[in-house]
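# A look at the structure
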Amino acid sequence: MIFSLIQELLNYGLEKNLIDSSEEIYSRNLILDILNLDEWRYEPVKNNRDIEIILLDICQWAIKVGLINDSPAEMELLDTKIMNSITPRPKEVIEKFNSDFKISPEIATANYYNFSKNTNYIREARIKRNLHWFSKTPYGDLEITINLAKPEKDPKDIEREKNMPKSSYPSCLLCLENVGYKGRLNHPARQTHRVIPVNLKSENWYFQFSPYVYYNEHSIVFCESHRPMKMSKDTFDRLLEFVEVFPHYCIGSNADLPIVGGSILSHDHYQAGKHTFPMEKASIETEFTINDFPEITCGVVKWPISVIRISSKNREKLSEAAEYIFKKWKEYSDKSVDILAYSEDTPHNTVTPIARRVGDEFQIDLALRNNRTSLEHPMGIFHPHSEVHNIKKENIGLIEVMGLAILPGRLQEEMILLEKELKNPNWKSTLKDNPTLSKHYDWIKNIVSQRDEIITLDILKEEIGKTFSTVLEHAGVFKRDPIGKNAFQNFINTL
């Protein structure tokens, strides 16, 4: 059986143009070595099966013969190592990208994206498990996803990790040294990882796709040096230079401070992709001008998070205007709305910038952020508050600022259980006592009080969307009420 599976994998590689017929025997021998096999024989081969199924069957065989333990982590380490046997070397991938780029940047990224799926670096079968829908809100349709793609860690793997020797190589999940890295129980295998060099402001940066794609062609652009994220004019210059080279993409940076930043602040990087986010569709609520930059079109976006949008055909002037606004915001305080730029020497104000092309213009959205905490809101004053933690309590990063919710996988099962629980006439008492669902009690009670109909899964999804809208409002430094709008105008006046 195993020989049939190996040949099926080789046939897949040939079909997807990952290997040439002249490389078939070479690749076969690499796989035989990985599986500790000393012989080869031909067996009948199944055809047209998904790559995930082929690899799963090979891993099940490996468990059966004792080559690996029955563990999701070990299976992933093995199947990535095997896939590397039919994955082109980095130089070949870079040359193909550059050749496609001469035709068009859009063709280059599309082919590279398909390649990343064909090598199983992007595990498409997992991505398809994610739930996705749109929810109507006062700010337009927000995009909601429940993330089911990241596998849950096996308790046995977690226990084994404790006894593993510590390693600082690669320094983080974004470092260039991940290319081809074998992985370990506490670090994903990256043998099939291939990156594309790009030059931004005369520095070496690299372009790759996220293995956990949250939207079309979800990519990461990272610095060759392992250095912390830092917001500056260089940031705006790089974002604008990138969209000049890849005009079909938008690109943004997470903020550079804890609480309002992303999950990896230790390595300078951006996120890009071929996707129209809800925030991009949002209209301008108030237009204004900056005296020092009369050629820049400026406006406040109708959005739950406080966003200034600036546009111009002049890339350099736009970057200068973005820096000007950022520096003004960095030093801005307004105690009446809980905004303080510093606590002693600790800075609190920063921005989440997003760049895109709109016709022949460059455009930057600057989401104003502040990471202060208080006794009432210990996780962050401008962070999801406790009343919405049943839906979302993690940081609001770049992707969610733009209107795409990445919600925890637990919600899938909890919504099914809630629908079932609400059919019980005594749901108020049983829900309160349910250790899994009690966190939703106040949320559900409020929904039931406002709706006459039976609460179905579709209604719960609609309410999740509304709650995400509230989550973003919590993250907004200037609230959407008259006091907040007036305070926002006061900041605009300083420009």
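Please refer to the structure higher up on the page.
Reference entry: report on the structure contained in this document.

Rules of the game
Residues numbered from 1 in each chain as written. Predicted model: local features only at pLDDT ≥ 70, side-chain atom pairs only at ≥ 80, totals over all residues. Heavy atoms only, no water. Axes fitted to C-alpha atoms, helices over the stretch in contact; angles between N-to-C directions. Helix = DSSP H or I, 4+ residues; strand = E, 2+ residues; numbered from the N terminus. Left-handed = near helix turned anticlockwise from the far one by under 90°. Contact = heavy atoms within 4.5 Å. Phe/Tyr/Trp six-rings, centres within 6.5 Å; stacked < 30°, edge-to-face > 60°. Lys NZ or Arg CZ within 6 Å of the ring centre and 35° of its normal. Salt bridge = Lys/Arg side-chain N within 4 Å of Asp/Glu carboxyl O. Buried < 20%, exposed > 50% of the residue type's maximum accessible area, 1.4 Å probe, protein only. Pairing = 2+ DSSP bridges. Patch = residues over 30% accessible without salt bridge, like charges linked within 9 Å, V, L, I, M, F, W, Y side chains within 5 Å. Areas by Shrake-Rupley, 256 points an atom, 1.4 Å probe, with all protein chains shown as cover. Lys, Arg positive; Asp, Glu negative; His and termini not counted. Charge placed at Lys NZ, Arg CZ, Asp CG, Glu CD.

### Considerations on the packing of helix 3 (residues 51-64) against helix 4 (residues 72-83)
- With their axes 10 Å apart at the nearest point, helix 3 and helix 4 run at an angle of 120° to one another. Crossing of helix 3 against helix 4: the hand is right-handed. Contact residues: helix 3 offers Ile-51, Leu-55, Leu-56, Ile-58, Cys-59, Gln-60, Ala-62 and Ile-63, while helix 4 offers Met-75, Leu-78, Asp-79, Ile-82 and Met-83.

### Looking at the packing of aromatic side chains
- Here the structure, examined in full by the defined rule, presents 29 aromatic pairs.
- Taking the centre distance of 5.5 Å and the plane angle of 85° together, the rings of Phe-3 and Trp-40 count as edge-to-face. On the criterion of sequence distance, the pair formed by Phe-3 in helix 1 (residues 2-15) and Trp-40 in the loop between helix 2 (24-34) and helix 3 is long-range, its members being 37 residues apart.
- With a centroid separation of 4.9 Å and 75° between ring planes, the pair formed by Tyr-215 and Phe-277 is classed as edge-to-face. One end of the pair, Tyr-215, is in the loop between strand 4 (203-209) and strand 5 (219-223); the other, Phe-277, is in the loop between strand 7 (269-273) and helix 10 (278-281), with 62 residues separating them in the sequence.
- The ring of Phe-362 carries Arg-357 above its face, with NZ or CZ at 4.2 Å from the centroid.

### Details of the pattern of salt bridges
- The tally for this structure, following the rule as stated, stands at 34 salt bridges.
- Its salt-bridge partner being Arg-227, residue Glu-203 comes within 2.8 Å of it at the nearest N-O pair. Here Glu-203, found in strand 4, pairs with Arg-227, found in the loop between strand 5 and helix 9 (233-245); they are 24 residues apart in sequence, far enough to count as distant.
- The exposure class assigned to Arg-227 is partly exposed, which follows from its relative accessible area of 22%.
- Here the residues in one salt-bridge network are Lys-201, Lys-233, Asp-234, Asp-237 and Glu-316, joined through shared partners.

### Here we look at the pairing of strand 3 (residues 196-200)
- On strand 3, burial follows the alternation: Ile-196, Val-198 and Leu-200 on one face are buried, whereas Pro-197 and Asn-199 on the facing-out side are not.
- Alignment of strand 3 against strand 4, held across 5 bridges, turns out to be antiparallel. Within the sheet, the bridge partner assigned to Ile-196 lies in strand 4 and is Phe-207.
- What sits between strand 3 and strand 4 in their antiparallel hairpin is a turn of 2 residues, with Lys-201 showing a positive phi close to 50°.

### With respect to a negative patch on the surface
- A cluster of acidic side chains, namely Asp-20, Glu-23, Glu-92 and Glu-95, defines a negative patch on the protein surface.
- In this structure, Glu-95 sits in helix 5 (residues 90-103).

### Remarks on the sheet that holds strand 2 (residues 140-146)
- The mixed open sheet is built from 3 strands, whose spatial order is 1-2-15. Pairing within the sheet leaves two strands with one partner each, and these edge strands are strand 1 (131-137) and strand 15 (404-407). Across the sheet, the mean angle separating the axes of adjacent strands is 25° when strand polarity is ignored.

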